[in-house]
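# A closer look at the structure
Chain by chain, the residues:
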Amino acid sequence: WARGFYREACASPGFQECETGPGDVMFVPRGWWHMVVNVAPITVAVSHHFVSPAGLYNTLRLLRAAPHQVSGLDRGLPRDAK
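About the cut-offs
- Residues numbered from 1 in each chain as written.
- Predicted model: local features only at pLDDT ≥ 70, side-chain atom pairs only at ≥ 80, totals over all residues.
- Heavy atoms only, no water.
- Helix = DSSP H or I, 4+ residues; strand = E, 2+ residues; numbered from the N terminus.
- Buried < 20%, exposed > 50% of the residue type's maximum accessible area, 1.4 Å probe, protein only.
- Phe/Tyr/Trp six-rings, centres within 6.5 Å; stacked < 30°, edge-to-face > 60°.
- Patch = residues over 30% accessible without salt bridge, like charges linked within 9 Å, V, L, I, M, F, W, Y side chains within 5 Å.
- Areas by Shrake-Rupley, 256 points an atom, 1.4 Å probe, with all protein chains shown as cover.
- Salt bridge = Lys/Arg side-chain N within 4 Å of Asp/Glu carboxyl O.

## Structural notes on the overall build of the protein chain
Within the protein chain, the regular secondary structure consists of 2 helices and 0 strands. Every one of the 82 residues in the protein chain was classed for burial, and the buried ones make up 5%.

Given below as structure tokens:
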């Protein structure tokens, strides 16, 4: 999957690619589709997703409407946990 997607992405207008090194930090703006490939044998990644109060409605709408586009989502949870 990753190799096919990578070839397709490279051909897309506006495609950007970078390689980070030890101590580097990558900021991915809200709404940017992205893919990470760890090429080193040992890699540590820390990810943080911040949702501001102003963006909460749209974020929740996406999580409910397109769960197939969201990784790490526990699909066993009820739709509206109370």
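This is not the end of the story, as more comes after the structure.
## Things to note about the environment of Phe5
Tracing the chain through its elements places Phe5 in helix 1 (residues 2–10). Separated by 30 residues in sequence, Phe5 and Met35 have C-alpha atoms that sit 9.2 Å apart.

## As for the packing of aromatic side chains
As enumerated under the stated definition, the model contains 1 aromatic pair in all. Judged by centre distance (6.2 Å) and plane angle (80°), the rings of Tyr6 and Phe15 are edge-to-face. Classification of Tyr6 by relative accessible area gives partly exposed; the value is 34%.

## With respect to a nonpolar patch on the surface
Together, Met26, Val28 and Trp32 give the surface a local cluster of nonpolar side chains, amounting to about 300 Å² of exposed area. Inspection of the secondary structure puts Met26 in the loop between helix 1 and helix 2 (56–65). A relative accessible area of 46% places Met26 in the partly exposed class.

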